[in-house]
Structures are given as C-alpha cells and as structure tokens.
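The residues making up each chain are set out below.
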Amino acid sequence: MAPDTHPRGGRSDGPPELRAEGRLGIVSDDRAPRRGKAPPPEAAQRPPKPPRRRSLVGRLLRLGFVSALVLMVAGGIAAYGVYRAIEADLPDHTWLAEYQPPQMSRIFAADSRLMAELAQERRVFVPLDAIPAHVQQAFISAEDQNFRTHFGIDPMAILRAMVQNLRDMATGRRPVGASTITQQVAKNMLVGGDFSVLRKLREAILAIRLEQAMSKDRILEIYLNEIFLGAQAYGVAAAAQTYFNRDLAELTIAEAAFLAALPKAPSNYHPIRNREAAIARRNWVIGRMLADGAITQEQHDRARAEPLTARIHRRPDMLTVGGHYTEEVRRELISRFGQEATTMGGLVVRTAMDPVLQEAAERSLREGLMAYDRRRGGWRGPVAQNVAHGEAEWRAALAAQPRVPGMLAEWRLAVVREVADRQARVSFLERAADGTQTPRTLPLLLEDHAWARPVREGNVLGPAPRRMQDIVSPGDVVLIEPQAASPAQGRNAPARPERAVLRQVPEIEGAVVALEPRSGRVLAMAGGWSLDRSWFNRATQALRQPGSSFKPFVYLPALEMGIPPNQLLLDDVVEIRQPGQPVWRPGNYSGQPQGWVTMRTAMERSLNLVTVRLAQEIGMDRVADAARRFGVIDNMPPFLAMALGAGETTVLRQAAAYAAFVNGGFRVTPTLIDSVQDRRGRVIFRGDSRTCEACGSGPEAGPPALAERRQRVADPIAAYQMVSLLQGAVQRGTGVRAGAGLTRPVAGKTGTTDDYRDNWFVGFTPELVVAVWVGYDEPRSLGTGETGGTNAAPIFNSVIRAALRDTPPVPFRAPPRISYRRITLPNGQTMLEAFRPGTEDAARPPTDPFAGGEGAQRLDSGLGGLY
C-alpha cells in the first residue's frame, strides 16, 4: 500500500491519528514535533534540551540601546531645564530695535573747525546705508561669511571650531570661537565678554532671538557702529578717522580690509608696532573677500599690493588753541544736559570762539607774562642739574627728563654741554614732522640774558649776570627756544647768529576775555598761561579785587542823577576813624591831592580821593545797586572801601559789565555756546534768546525786526557819557598804553589794587570788549610801580591790534538827544563834552561832602566794622 500522502501533495509521516493530533497540537512527548515531519523513533528516547540563551553581545547591545535612550531622555530633560533656567535670566533684547549707540559729542569753533571731542567711547554713528558696501563686505568676509543666510548661529562654523579646538587641545592654545556677527552683537550689548560655556549658551539663544526680532541690516548696523577697533575707536567711522584720518566713503578696499582685521585682537595688529602681522591679517581678509565674490581678482591683487599707511590720528584737524575756553564749554554742557548726554549723546556744539582772535589773546597774554617775568621774576634755575652731558650720554639723559608742564610747543629741553664766559653751548633733539629726532647744538649768548638775575630768599633779585657761569653749568637741563639768524637792521641792530635763548614758565598768571558788546558772544578766552599747567580758569573762576577798574560804576550813578562831567569835585585828604580800628587814609597813586578837579579829570587820572568823596555824596546804596545791575558784584556791602574796588569779581563779569556802556545801557549776558544740536540734528539750545516773528515772511515784508529781550540797566545818555569819560582815560590818563598806536576810538580803565597785587585793564572799541587781569594765584605784590597800565594795558593793546587789524575804524554810536558843548581841558586843549540835555550849565558850586565832620560820621556807620 502506498504511503499516505498529504492532501496538498506532500508526504505524510505518520498515521492519521498522529497527524490529527499534530494538527490539534497534542503530543505525548514534551516537545512538539515539527510540522509535516514525525520525529524519528530515537528522538522519543532523547532527554529534552535546555532553552537557548542569548549571546553576550546581544545583551550588551540591548543594554546600550536602553541606556542611550534613557540618557537621551534625561539629557533632553536636563537640557530643557538648563534652557529654561538660562531663558529666565536672559536680558531683554527688544530695546535693541531702537538702540542708538553712545556717540561722542563734538565742539566746533565759530569757523566750524573742531575744538574738542567729548566721549567715554570715541564713536561716530553712521547709518548702514551710509557705510560703503566694500566696508560692510570686508567685515562680513572676515567675521561671518554666512551672515546673510544663517539664523543667528552657524552650525558648520561651530563644527569647524570644535575640530580645530580638538587638534589644538594638546598645544595649550586658547580655544577658537565660531561666533557670528549676531552673536557678537549679543555678547557686546547683552551678556558681556566673560569666557564660559554658560555665556556662550546665553549668547547663542539671544542671537537666535535677535534674528527673529530684527532685520539683518539692523544687526549689521549695530555691529559696525559698536565694535571696538583699538586706539579708543568704537565703530568703523571713528576707526577710519583714527587710523587713516578719512571718512568711510574715502576708504580703499585695502584700508577697509585692515579695519576688518582688527576685531579679533586690535593690539595684535597695531599698524606700527606689529606692522607685519597687520599686513598679513589684512591680506587674509582681502583673500576672504575674493573667495566670497565680493571683489574681482584685479581688485584683490591691487589691494594686496597697496602699502599699509595706517597710523594713529588721535584728533583729526583739532585746533591747538582755546584749552580753557573748551573746558568752560564742557562745564556748561554738563550743567545744562548732564554728564551722560555730554559725553555720550552725540551733541554737536557750535561756539562763538574765533580761532584767530583766540590765538592772538593767548599769545598776547603769554608775551605780557613773560615780559613781566623777565623784568621782575629773575632766573629760577635749570629744570635739572648734574646730568650726564658727554657726547654719548646726553641723549639718554635728555630722554629721561619728563616734559615740563606749561612749556610751549616751540620750546625744547636741552642739556648744557659747555660753558664759557660769554656763551654756553646746549644740545637738544629737534623732532621732524615724521617723528624722527635730529640732534642739534646751539650757543647761548650772555648778551641775550641780562634779565637772568638769580632769585634769592624772599623773592629778592640778585645782580645782573656778568658771565654765563652765573646762569648755567655743564650738566644742567634747561628750557630753550631756538632763534633763527637775523640780518643787520641798521647801526643799532647788528646781525645776529642762529642761537638759543633760555626760557622758563612764569610764576605769574593772567586772564583775557574778548566779547562782542552787542550780543555778548565770547570770541576769545584765555584762563591762564596754559591748560597744560593748570585747568583753573582765572577768567571765570577766580574772584579778584577789581581796583580802580570798578570806578565807572561809582561815576555812572552820578551821571544818571544829572551831575555833568564838568562838575568840580574835591581831591583832598580823607581820614576814616573807627573805634578800636586803625585810621583808614585812602590816597591817590601819585600821593598828592590835586584840589578841585572835574569829574572827567578824576576819571582820567584815577583819583581815589575824589572817588571816595563822590561815593559818599551820592550814597553807597546807589553804587551797590549799579554793581548789581551791571552784574559786577551781586550783593556788594555798601562800604566806602568798595568804591575803590575792594570787592571781588571775575574777568568775565567785568567784560560783560563794560559791554553795557558800549551798547547803550543793555545788560549783556556772556555766551560761549551759539547752539547745540542733538544726534538727530535738532536744535536743543541757542545762546541768542531773541525771537524773530517775521523771519519766515517773504522779501516783500522787508528786513525783520528782532524782539529785544535784554534788560536795560543804564540810561543810554549816562552810558554814552561814561564811554566818553573812558575814552579820555585812554587818550590822556592812566590807560595811554592801551591805545598806543591805535587809529580807532578806544576807551577803558586801568585797575591796580593795594600793594600792587592785581593789575587790570578793561577796555573796548565799538566792536569789541577786552578785559585783562594779571597777578599771582596766591595774591602777593607784583612789585612797586607794577600797575594795570604797565602790565595789563599792553596786553589789551596787542589783542585789539590783532582783532581789528583789517577792519576800518568806526565811531562810538551816540544816543538820540545827546547834547555837546566844547570845553577846555586842564592842559589847554578843547574837546566836545557830552551832556544830558538841560545840564550843560548844571555844574554846582564846589562842595565837600565831608565838611563839618558829618560825612565822616555817616561813613563810620556805613563801614560796619570792616576796617
């Protein structure tokens, strides 16, 4: 019988019962038979096999997979926790959308030349559309090639940096970064520059958010205006000025590439100290620009061949005059707008300073102080002594000497090499424009130094030097000024060889103010010998006694009362007695009373006794009121001594007060600042407070009229009479040196205080008021005979000459209704005297306000124990 076959055509391996049971899955053996095949007979007799175990590798793989999954979940949870912690501490970034970088403020003179830059960070903000495309691309190529495409961070750059850092790990090099421009903005503006992983994470998160909140152009604009590029320059505009003294639009590709090379480490690529490294880095940036397609091959080759001309330009085209003026402007800006707005607000400040007049004022003041110093100061000795002065040693000895504060630009430090009876030889280094120094040797001639008398104890001057050994010794370090050779100028002026003359910074100080009498604009201000020696401004900060320069404010109330200039006043001895106090006996400079004199003569000759008597007659209350109205002294005690200038005021106040005489009696408020604009160009301050309602109307309306806002402080007729009296003081009185050689109307008054401590001259022309003060910071006598007419008046004369050299003379403007009458002066000359209408014959018979002792009693009660 054929074996059983499977219904599907396969062979059956057992009886139907077993097949049925197999189909049902029921077997007698512990193991189920394979489907379709019966176990062999011997298989039923085998013991059962143990279950198969998984391999070790499989278990490890499974364990690794599970562990990785757990770590991934835990890491994700931890990362999320860190992210949430970092996010909670992230600074607000939305303000950057309206951010305006701190900008330096700039101060300009009246002719638009730059005087100073005020900044904590030297920066000039430039909108992105004003930054040339090649400058933008230079920074993108150098710092962030994928700036235009990434989302705030650059994953490929991060990967490259990680590989590089792994390679450099064994070398100990600082890890390189992969910060994008956006990340650098986040770092500089929001998170700070500390080097840590946490900071980098915060920086990356903020960079992504910045990209979502702002456009690429805005981010690049902030970056290019905020980045530090060395040499105190922040932003590309300031850097272009600092390194190349150019505007951004003038930069070449090579120059832009040099600036783009600096963000990584400005000090490492200094154009002078590290020139080779700077060129190499610049050329690398040029290569990156070529690779990015920003420049052509021709532009690349030309840029690489261009020499590196960068050098540090600290102050572009800066005026070298007006140090005290600029400092006074800075103080006023801070008082008006605050420190932050002044140094970071990008203010554009236009001042009234005339650089030509400022230079003349400073030069005139210095010449006057040096003339006094040579006459009265003597020779105070060398800067240093006993330095090495051999041929191979003197240069090093000179290089070790610090610069002397206050020394002028044309002076040099020099070493005395040889000394003979009639001359000495000094060596110094002459610096050329390119910075190189050339050694030079010049003679010092005895004939140039007759003034160099030694100063002994108590500031007593010794005898004039008879030989050069009395002045200098070998090894002395001195200040000298080279003098060019000069040809003979006639029999009394022989030819002079090239030589040097000794110089020293005077101990005496001074101040000059020049202002316009109509507007009060301060055109020039010299607050001392130099700002380099002292920042103290003696024109605005020093309170000094005005002496006889105060007398116009005693005579003006008398003129306002109708007392005419030809009124006779008594010049005679006055004694003021106070219980328990020494007797006060004011006297004239000449020492002799002159009897009855006119008011004009008293003013011209500056007679003290007449002034005291006149003040007593009109009352010191009127004098104190005049001082207040004109702004000389605000709260002056009504003591007679004040009539002789015993109060205290400043040079600027005196100049403004005298200006009111010229302009017809209007009070003048001195202004240094014409206008201030904010960073957007809006005018936020004007020095001229006058308004012009019709300035916007057409030409058919005619010239507009300005509304007069100034306070009238004097009757215009009395003010003009005072101008006439002060003209006489210059023409015939104590101020003749002020008008010497001037072919124009000049008026003014000298002032000299007790013991010759303060010298003044305050004067004016119709166009200009100039006030001059000379004295020591710590008040002491300038010496017998040293008066305002001797020291201050010549300085005034020099300033006026320089200021009005090319202008035709104009007369003082007389007010309406003034009356003139010809009078005869004491010297027999005649002149037209200015009278108030109706007072031509009003001169009263002479009277003595102190007659009978009544006046003395009134004076005693007014002194209030001052004397």
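In this text, all values refer to a predicted model and were calculated from it rather than measured experimentally. (Residues numbered from 1 in each chain as written. Predicted model: local features only at pLDDT ≥ 70, side-chain atom pairs only at ≥ 80, totals over all residues. Heavy atoms only, no water.)

Any chance you could explain the overall build of the protein here in plain terms?
Assigned secondary structure in the protein consists of 23 helices and 25 strands. Residues counted as buried form 47% of the 867 residues belonging to the protein. Once local pairs closer than 6 in sequence are excluded, the contacts in the protein between residues at least 24 apart make up 69%. Summed over all atoms, the accessible surface of the protein reaches about 43,600 Å², with 52% contributed by carbon and sulfur. (Helix = DSSP H or I, 4+ residues; strand = E, 2+ residues; numbered from the N terminus. Buried < 20%, exposed > 50% of the residue type's maximum accessible area, 1.4 Å probe, protein only. Contact = heavy atoms within 4.5 Å. Areas by Shrake-Rupley, 256 points an atom, 1.4 Å probe, with all protein chains shown as cover.)

Please explain helix H19 (residues 620-629) as it appears in this structure.
Because each turn of an α-helix spans 3.6 residues, side chains separated by three or four positions end up pointing in the same direction. Those residues of H19 not exposed but buried are Met620, Val623, Ala624, Ala626, Ala627 and Arg629. Where H19 is buried, its residues contact helix H16 (552-560) and helix H18 (608-618). At the exit of H19 stands Gly631, carrying a positive phi of roughly 80°.

I would appreciate a short explanation of the pattern of salt bridges in the present structure.
Close approach of charged atoms allows side chains with opposite charge to pair. Inspection of every chain in the model, using the stated rule, returns 49 salt bridges. With its nearest N and O atoms 2.9 Å apart, the salt bridge here joins Arg585 to Glu575. Here the residue Arg585 occupies a position in the loop between strand E17 (581-584) and strand E18 (595-598), and Glu575 occupies one in the loop between strand E15 (568-571) and strand E16 (576-578), the gap between them amounting to 10 residues. For Arg585, a relative accessible area of 52% puts it in the exposed group. A relative accessible area of 32% places Glu575 in the partly exposed class. (Salt bridge = Lys/Arg side-chain N within 4 Å of Asp/Glu carboxyl O.)

Quick question: what am I supposed to make of the pairing of strand E7 (residues 423-431) here?
Along a regular strand, successive side chains alternate from one face of the sheet to the other. Inspection of the sheet shows strand E6 (residues 412-419) paired to E7 by 5 bridges, in the antiparallel sense. Bridged to Ala414 within E7 is Phe428. What sits between E6 and E7 in their antiparallel hairpin is a turn of 3 residues. (Pairing = 2+ DSSP bridges.)

Help me out: how do you make sense of a nonpolar patch on the surface in this one?
Judged by side-chain polarity, Phe65, Val66, Leu69, Val70, Val73 and Ile77 come together as a nonpolar surface patch covering roughly 580 Å² of accessible area. If you trace the backbone, Val73 turns up in helix H2 (residues 56-88). The exposure class assigned to Val73 is partly exposed, which follows from its relative accessible area of 46%. (Patch = residues over 30% accessible without salt bridge, like charges linked within 9 Å, V, L, I, M, F, W, Y side chains within 5 Å.)

Can you walk me through the packing of helix H3 (residues 133-143) against helix H10 (residues 275-291) in this structure?
Any two packed helices are characterised by the angle at which their axes cross and by the distance between the axes. It is the contact of H3 with H10, at a shortest axis distance of 9 Å, that shows an interaxial angle of 100°. The angle between the axes of H3 and H10 places the two elements in the roughly perpendicular class. Contacts between H3 and H10 involve His134, Gln137, Ala138, Ser141, Ala142 and Glu143 from the first element and Arg281, Trp284, Val285, Arg288 and Met289 from the second. Grouping the constituent residues of the contact of H3 with H10 by class yields 5 nonpolar, 3 polar and 3 charged. (Axes fitted to C-alpha atoms, helices over the stretch in contact; angles between N-to-C directions. Parallel < 35°, antiparallel > 145°, perpendicular 65-115°, else oblique. Nonpolar A, V, L, I, M, F, W, Y, C, P; charged D, E, K, R; others polar.)

I would appreciate a short explanation of helix H21 (residues 716-731) in the present structure.
Here H21 contains 16 residues, and its C-alpha end-to-end distance of 23 Å stays within 8% of the 22 Å for a straight helix at 1.5 Å per residue. Across the 16 residues of H21, 14 count as buried, placing the element largely inside the fold. For H21, the N-terminal capping position is held by Asp715, with its side-chain oxygen 2.9 Å away from the main-chain nitrogen of Ile717. (Expected span 1.5 Å × (residues − 1). Polar contact = N/O pair within 3.5 Å; in protein donor to acceptor, adjacent residues only side chain to side chain.)

It is not clear to me how the side chain of Asp758 should be interpreted in this structure. Could you clarify?
Structurally, Asp758 is set in strand E22 (residues 758-764). Among the polar contacts made by the side chain of Asp758, one reaches the side chain of Arg544 at a distance of 2.9 Å. One polar contact links Asp758 to Trp773, side chain to side chain, over a distance of 2.9 Å.

Teacher, can you tell me more about the packing of H10 against helix H11 (residues 297-305) here?
Between H10 and H11, whose axes approach to 10 Å, the crossing angle comes to 175°. By the angle between their directions, the pair H10 and H11 is classed as roughly antiparallel. Across from Arg282, Asn283, Ile286, Gly287 and Leu290 in H10, the residues of H11 making contact are Gln297, His300, Ala303 and Arg304. Classifying every residue of the contact of H10 with H11 gives 3 nonpolar, 4 polar and 2 charged.

Sorry, what's going on with the sheet that holds strand E1 (residues 105-108) here?
Backbone-to-backbone hydrogen bonds join strands into a sheet, with any given pair of strands oriented parallel or antiparallel. Overall, mixed pairing links the 5 strands, which are arranged E2-E1-E5-E19-E20 in an open sheet. Strand pairing shows two members of the sheet lacking a second neighbour, strand E2 (114-118) and strand E20 (683-686), which therefore form its edges. Going from strand to strand, the sheet's axes swing by 15° on average, the running direction of each strand aside.

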